[in-house]
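Observations on chain architecture
Read off the chains here:
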Amino acid sequence: LTPMPGARKTNELHVVLKVGSSSWVQILGQNGEKIEYGLLPKGSRREYVLTQPVSLKIGNAAAVILELNGERVDLSAHTYSNVANLELGERTQSR
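Throughout what follows, the structure given in this document is the object of discussion. (Residues numbered from 1 in each chain as written. Predicted model: local features only at pLDDT ≥ 70, side-chain atom pairs only at ≥ 80, totals over all residues. Heavy atoms only, no water.)

Time to look at the sheet that holds strand β5 (residues 45–51). Taken in spatial order, the four strands make up an open sheet running β5-β2-β7-β8, and their pairing is antiparallel. Whereas interior strands pair on both sides, the edge strands pair on one side only; in this sheet they are β5 and β8 (71–73). On average, each strand axis in the sheet is tilted by 30 degrees relative to the strand beside it, whichever way the strands run. Pairing analysis gives five bridges linking strand β2 (residues 12–19) to strand β7 (residues 64–68), with the strands arranged antiparallel. Bridge pairing in β7 links Val-19 to Val-64. (Pairing = 2+ DSSP bridges. Helix = DSSP H or I, 4+ residues; strand = E, 2+ residues; numbered from the N terminus. Axes fitted to C-alpha atoms, helices over the stretch in contact; angles between N-to-C directions.)

Right, let's talk about the pairing of strand β4 (residues 34–40) for a bit. Strand direction decides the pairing type here: strand β3 (residues 23–28) and β4, joined by six bridges, are antiparallel. Its bridge partner being in β4, Leu-28 is matched across the sheet by Lys-34. Counted between consecutive antiparallel strands, the loop separating β3 from β4 contains five residues, among which Asn-31 sits at a positive phi close to 60 degrees.

Turning to unusual backbone geometry, a few remarks are in order. Here the amide bond leading from Gln-52 into Pro-53 is cis, since omega sits at -5 degrees, within 30 degrees of zero. Structurally, the position occupied by Pro-53 is in the loop between β5 and β6 (54–59). Despite not being glycine, Ser-81 shows a phi value in the positive range, around 55 degrees.

Here it is in structure tokens:
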């Protein structure tokens with residue numbers, strides 16, 4: 001997963017998804033908790049206020065607009081085979 005620039009230094013993230021064509025979305029919060037997991041239909045708009053860190057996987061990424069803290073995110077830099085993988089915020093790793 002690619003770390004996202006522009007994530008606030010506070011723990012709160014405002015995430016908006018706008019779906020132009022049916023897309024599969026997985027959003028995992030801290031400790032792997034499922035926040036969203038499933039197919040979002042065409043025309044859907046979802047808003048989340050999330051606590052960092054967050055992992056997103058978006059299928060049919062070309063049909064989704066992602067906004068992070070009010071700014072549009074270019075998903076193409078995080079997309080392979082039309083699936084975007086993003087990591088928002090910082091994860092601490094224990095050894």
